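This is what each chain is made of:
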Amino acid sequence: MGPSLYDELGEDFFRRLVHGFYEQVKTDDLLGPMYPADDWEGAENRLRWFLVQYWGGPHTFQAERGRPMLRKRHFPFSIGMPEAERWLELMERSFAQFGEEELPVDARAQLWNHMQRVAYMMINRQ
Ligand code: HEM
């Protein structure tokens, strides 16, 4: 199996990636209003622990939230193509804070493929 992406990139990478994303979500006209304004820290933690777990790190997400069931968890939100594309756009900008030293091309591609796949899977309206 080899070392996981979590082992390769480290815990702090995921913290910084998700933080950079949420810093933009807060002021985003489309996505901002969808998120709990009084729990940015919680939202940040949920996404961070999900990614950490998915990429081979500790199962903190499972312990705190149970099975991911992401599609079901996103049903309360109206997500169409514009929302999915915006989510990816903000995440791509957060990726930009990392140079190739910190985030090798192959790791970046793996993370990005997964996020794109999940983002389009979350679409629940036309
Ligand atoms: C397609 C566009 C997306 C939109 C509009 C969206 C929106 C949201 C919103 C409004 C929440 C609730 C915030 C909270 O309280 O935690 C949430 C939660 C979450 N999202 Fe998304 N999301 C999208 C895509 C994704 C993708 C691509 C992933 C994973 C790669 C993801 C993973 C999560 C996780 C792990 C949670 C927390 C679930 C929980 O523990 O309850 N989301 N999302």
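The structure under discussion appears in the preceding block.
Please read all numbers here as calculations on a predicted model, not as lab measurements. (Residues numbered from 1 in each chain as written. Predicted model: local features only at pLDDT ≥ 70, side-chain atom pairs only at ≥ 80, totals over all residues. Heavy atoms only, no water.)

Draft legend 1. Layout of the environment of Leu111. Relative to the elements of secondary structure, Leu111 occurs in helix H7 (residues 105-121). Setting aside residues up to four positions removed in sequence, Leu111 forms contacts with Leu5, Leu9, Phe13, Phe14, Trp55, Phe95 and Leu103. (Helix = DSSP H or I, 4+ residues; strand = E, 2+ residues; numbered from the N terminus. Contact = heavy atoms within 4.5 Å.)

Draft legend 2. Structural detail: the site of the ligand. Around the ligand, 22 residues are found, and the nearest of them are Tyr35, Arg46, Arg65, His74 and Trp87. Between Arg73 and the ligand, the recorded distance is 3.4 Å, taken from a side-chain N or O atom to an oxygen atom. The element that contributes the greatest number of residues to the shell around the ligand is helix H3 (residues 40-54), accounting for 4 residues. Looking at the shell around the ligand, its residues break down into 17 nonpolar, 1 polar and 4 charged. (Near = heavy atom within 4 Å. Polar contact = N/O pair within 3.5 Å; in protein donor to acceptor, adjacent residues only side chain to side chain. Nonpolar A, V, L, I, M, F, W, Y, C, P; charged D, E, K, R; others polar.)

Draft legend 3. Representation of the pattern of salt bridges within the structure. Applying the stated criterion across every chain yields a total of 9 salt bridges. Lys26 is the salt-bridge partner of Glu23, the closest N and O atoms lying 2.9 Å from each other. Across the pair Arg86 and Asp29 runs a salt bridge whose closest N-O atoms are separated by 2.7 Å. Of this pair, Arg86 sits in helix H6 (residues 81-95) while Asp29 sits in the loop between helix H2 (11-25) and H3, and the two are 57 residues apart along the sequence. Accessibility expressed as a relative area gives 60% for Asp29, which makes it exposed. (Salt bridge = Lys/Arg side-chain N within 4 Å of Asp/Glu carboxyl O. Buried < 20%, exposed > 50% of the residue type's maximum accessible area, 1.4 Å probe, protein only.)

Draft legend 4. Examining the environment of Gly80 more closely. For Gly80, the position within the fold is in the loop between helix H5 (70-74) and H6. In this structure the C-alpha to C-alpha distance between Gly80 and Glu11, which are 69 residues apart in sequence, comes to 31 Å.

Draft legend 5. Seen up close, the environment of Arg108. Inspection of the secondary structure puts Arg108 in helix H7. Under the relative-accessibility criterion, Arg108 is labelled partly exposed at 32%. In the structure, Arg108 is positioned 73 residues away from Tyr35 in sequence and 26 Å away in space, judged by C-alpha atoms. Residue contacts for Arg108: discarding those within four places in its chain leaves Glu92, Phe95 and Leu103.

Draft legend 6. A look at the packing of aromatic side chains. Counted under the stated rule, the structure contains 12 aromatic pairs. Pairing Tyr22 with Trp40 gives two aromatic rings, centres 6.1 Å apart and planes at 65°, and the pair type is edge-to-face. One end of the pair, Tyr22, is in helix H2; the other, Trp40, is in helix H3, with 18 residues separating them in the sequence. We classify Tyr22 as buried; its relative accessible area is 5%. Look at Phe50 and Phe61: their rings are 5.8 Å apart centre to centre, the planes differ by 80°, and that puts the pair in the edge-to-face class. With a gap of 11 residues between them, Phe50 in helix H3 and Phe61 in helix H4 (residues 60-65) connect regions that are remote in the sequence. Judged by relative accessible area, which is 5%, Phe61 ranks as buried. Clustering of aromatic rings is evident, with ring pairs tying together Phe21, Tyr22, Tyr35, Trp40 and Trp87. The positively charged end of Arg48 is found above the aromatic ring belonging to Trp49, 4.6 Å away from the centroid. (Phe/Tyr/Trp six-rings, centres within 6.5 Å; stacked < 30°, edge-to-face > 60°. Lys NZ or Arg CZ within 6 Å of the ring centre and 35° of its normal.)

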